[in-house]
Structure formats: C-alpha cells, structure tokens
Amino acid sequence: MNKKKELLVTIMIPAYNGSKYIEETILSVLHQTHTNLELLITDDASIDNTIDIIKSIKDPRIKLYQNKQNLGLAKNIN
C-alpha cells in the first residue's frame, strides 16, 4: 500500500496586542484536518498579554518570534 505523505503547510499570524482573539485564532489553525503544519507567530512588541496567551498553548507546531520593538505590520511579516 502506498501511503501519501501530507505536505507541510506554513501558516503565519502577525500579532500586536491581539489578546482578545489570539487564542481562538491559534486553536482554529491547530484544529484543521490537515495536521502537518507549522504555525509561525510574529509578535510586534505587544504590551498586553498576547505573549502569555500564545505561550500557554503547548503545541510543538507553534513557533513564536518576538520583536523587541514595534516595527509595524509590513516589517513584522517580513
């Protein structure tokens, strides 16, 4: 039997003070039927508890990158 391997899908979420929706957003991605994915979250120096919420979700597919200063959306996603 030839089993087909799922392709790796990378999903990127830019975040800035997104504590209101970040948990729901992350869980939505992680609960997709396609499971071979990595979730890159780039935080643009949030000053709310966005980082704490992201770190509370324990999943090895999540990769968090934190900017030391706010760069704005365009530079944050680059």
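Residues numbered from 1 in each chain as written. Predicted model: local features only at pLDDT ≥ 70, side-chain atom pairs only at ≥ 80, totals over all residues. Heavy atoms only, no water.

Caption draft 1: Looking closely at the overall build of the protein chain. Of the regular secondary structure elements, the protein chain holds three helices and three strands. The N-to-C order of helical and strand elements in the protein chain reads β-α-β-α-β-α. Structurally, the protein chain occupies a C-alpha span of about 50 × 25 × 15 Å along its principal axes. Every one of the 78 residues in the protein chain was classed for burial, and the buried ones make up 29%. (Helix = DSSP H or I, 4+ residues; strand = E, 2+ residues; numbered from the N terminus. Buried < 20%, exposed > 50% of the residue type's maximum accessible area, 1.4 Å probe, protein only.)

Caption draft 2: Structural context of the nonpolar core. Formed by 13 residues in total, the largest nonpolar core has its most connected members in I22, I26, L39, I41 and I62. Mapped onto this core, the elements with two or more residues apiece are β1 (9-15), α1 (22-30), β2 (37-43) and α2 (50-56). With four residues, α1 is the largest single contributor of residues to this core. In this view, I22 contacts I13, A15, T50, I53 and I54; residues no more than four positions away in its chain are not counted. (Core = buried A, V, L, I, M, F, W, Y, C linked by side-chain atoms within 4.5 Å. Contact = heavy atoms within 4.5 Å.)

Caption draft 3: How the structure looks around the environment of I53. Its place among the elements puts I53 in helix α2. Here I53 falls in the buried class, since its relative accessible area comes to 16%. Residues I53 and L7, 46 residues apart in the sequence, show an inter-C-alpha distance of 28 Å. In contact with I53, not counting residues within four places along its chain, are S19, I22 and E23.

Caption draft 4: View of the side chain of D44. Tracing the sequence through the fold places D44 in the loop between β2 and α2. Apart from the residues lying within four places of it in its own chain, the contact partners of D44 are A15, Y16, N67, Q69, N70, L71, G72, L73 and N76.

Caption draft 5: Main features of unusual backbone geometry. One non-glycine residue, N17, lies in the positive phi region at around 50 degrees. Within the element layout of this structure, N17 appears in the loop between β1 and α1. Non-glycine residue A45 carries a positive phi angle of around 60 degrees. Along the chain, the position of A45 falls in the loop between β2 and α2.

Caption draft 6: Seen up close, the pairing of β2. With five of its seven residues buried, β2 lies for the most part within the structure. A crossover connection joins β1 to the parallel β2 through α1; in handedness this β-α-β unit is right-handed. Each parallel crossover has a hand, and for β2 linked through α2 to strand β3 (residues 62-66) it is right-handed. (Right-handed = clockwise from strand over helix to strand, strands pointing away.)

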